[in-house]
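Structure at a glance
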Amino acid sequence: QVVLVESGGGLVHTGGSLRLSCAATGSGFSSYIVAWFRPTPGKEREFVAALSWSGAIAEYTESVKGRFTISRDNPKTTTYLQMNSLKPEDTAIYYCAASLRSFQDIMNIVTTGGTGMDFWGTGALVTVSL
């Protein structure tokens, strides 16, 4: 089991950038897939991005490709979401999450509307104004 605590949210204008951090406590962080989700109209949890335990494989939802980057620092037991060129429609509470499932299993679940996550962070509010 791991506990995830987020930070780095805030208010920015359209086109600005923010970097979210998600610090983990507990055992086995480096063995977990990490991901980011956000509630949006029509979805309780919209998939944003995911990263394999080694950082070798990353996947993003279409709307953030080219703008967001997920990364992780296993020695610091922390994962990050760098958000550039932010748009008003990006406004949401962002949640980091972790899972011991395989990357393939997670993506299969996400494709059908689920999350595949076992542990959730506290949430970080991102507000993008005009």
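We now turn to the structure provided with this report. (Residues numbered from 1 in each chain as written. Predicted model: local features only at pLDDT ≥ 70, side-chain atom pairs only at ≥ 80, totals over all residues. Heavy atoms only, no water.)

Some details on unusual backbone geometry
Even without being glycine, T77 reaches a positive phi, approximately 50°. Here T77 is to be found in the loop between β7 (68-73) and β8 (78-83). Residue T77 is classed as partly exposed on the basis of its relative accessible area of 26%. With phi around 50°, S85 is a residue other than glycine that occupies positive phi space. Tracing the chain through its elements places S85 in the loop between β8 and β9 (92-99). (Helix = DSSP H or I, 4+ residues; strand = E, 2+ residues; numbered from the N terminus. Buried < 20%, exposed > 50% of the residue type's maximum accessible area, 1.4 Å probe, protein only.)

A closer look at the pattern of salt bridges
Under the counting rule described, the total for this entry stands at four salt bridges. With a closest N to O distance of 2.8 Å, R38 and E46 form a salt bridge. Of the residues examined, R38 reaches a relative accessible area of 4% and is grouped as buried. One salt bridge in this structure joins R67 and D90, with 2.8 Å as the shortest N-O distance. Here R67, found in the loop between β6 (58-60) and β7, pairs with D90, found in the loop between β8 and β9; they are 23 residues apart in sequence, far enough to count as distant. Since its relative accessible area comes to 9%, R67 is described here as buried. Among the ionic contacts, a cluster of salt bridges with common partners joins R38, E46, R67 and D90. (Salt bridge = Lys/Arg side-chain N within 4 Å of Asp/Glu carboxyl O.)

Let's talk about the sheet that holds β8
The strand order across the open sheet built from four strands is β1-β3-β8-β7, with neighbouring strands paired in antiparallel fashion. The open sheet is flanked by β1 (2-7) and β7, the only strands paired with a single partner. Neighbour-to-neighbour, the strand axes of the sheet open up by a mean angle of 20°, direction not taken into account. Pairing of β7 with β8, which is carried by six bridges, proceeds in the antiparallel orientation. Considered in β8, the bridge of D73 is made with T78. (Pairing = 2+ DSSP bridges. Axes fitted to C-alpha atoms, helices over the stretch in contact; angles between N-to-C directions.)

A word on the side chain of S99
Along the chain, the position of S99 falls in strand β9. A distance of 2.9 Å separates the side chain of S99 from the backbone oxygen of G116, its partner in a polar contact. In terms of polar contacts, S99 uses its side chain to reach the side chain of D118, at 3.3 Å. Discounting residues that sit within four places of it in the chain, S99 has contacts with Y32, I33, I106, G116, M117 and D118. (Polar contact = N/O pair within 3.5 Å; in protein donor to acceptor, adjacent residues only side chain to side chain. Contact = heavy atoms within 4.5 Å.)

Quick notes on the environment of S52
Relative to the helices and strands, S52 resides in the loop between β5 (43-51) and β6. Judged by relative accessible area, S52 falls into the buried class, the value being 6%.

Considerations on the packing of aromatic side chains
Per the stated rule, a full pass over the model turns up three aromatic pairs. Look at F37 and F47: their rings are 5.8 Å apart centre to centre, the planes differ by 70°, and that puts the pair in the edge-to-face class. Placement of the pair is F37 in strand β4 (residues 33-40) and F47 in strand β5, with a sequence separation of ten residues. A single burial state applies to F37 and to F47, both of which are buried. Joined through ring pairs, the aromatic side chains of F37, F47 and W120 make up one cluster. (Phe/Tyr/Trp six-rings, centres within 6.5 Å; stacked < 30°, edge-to-face > 60°.)

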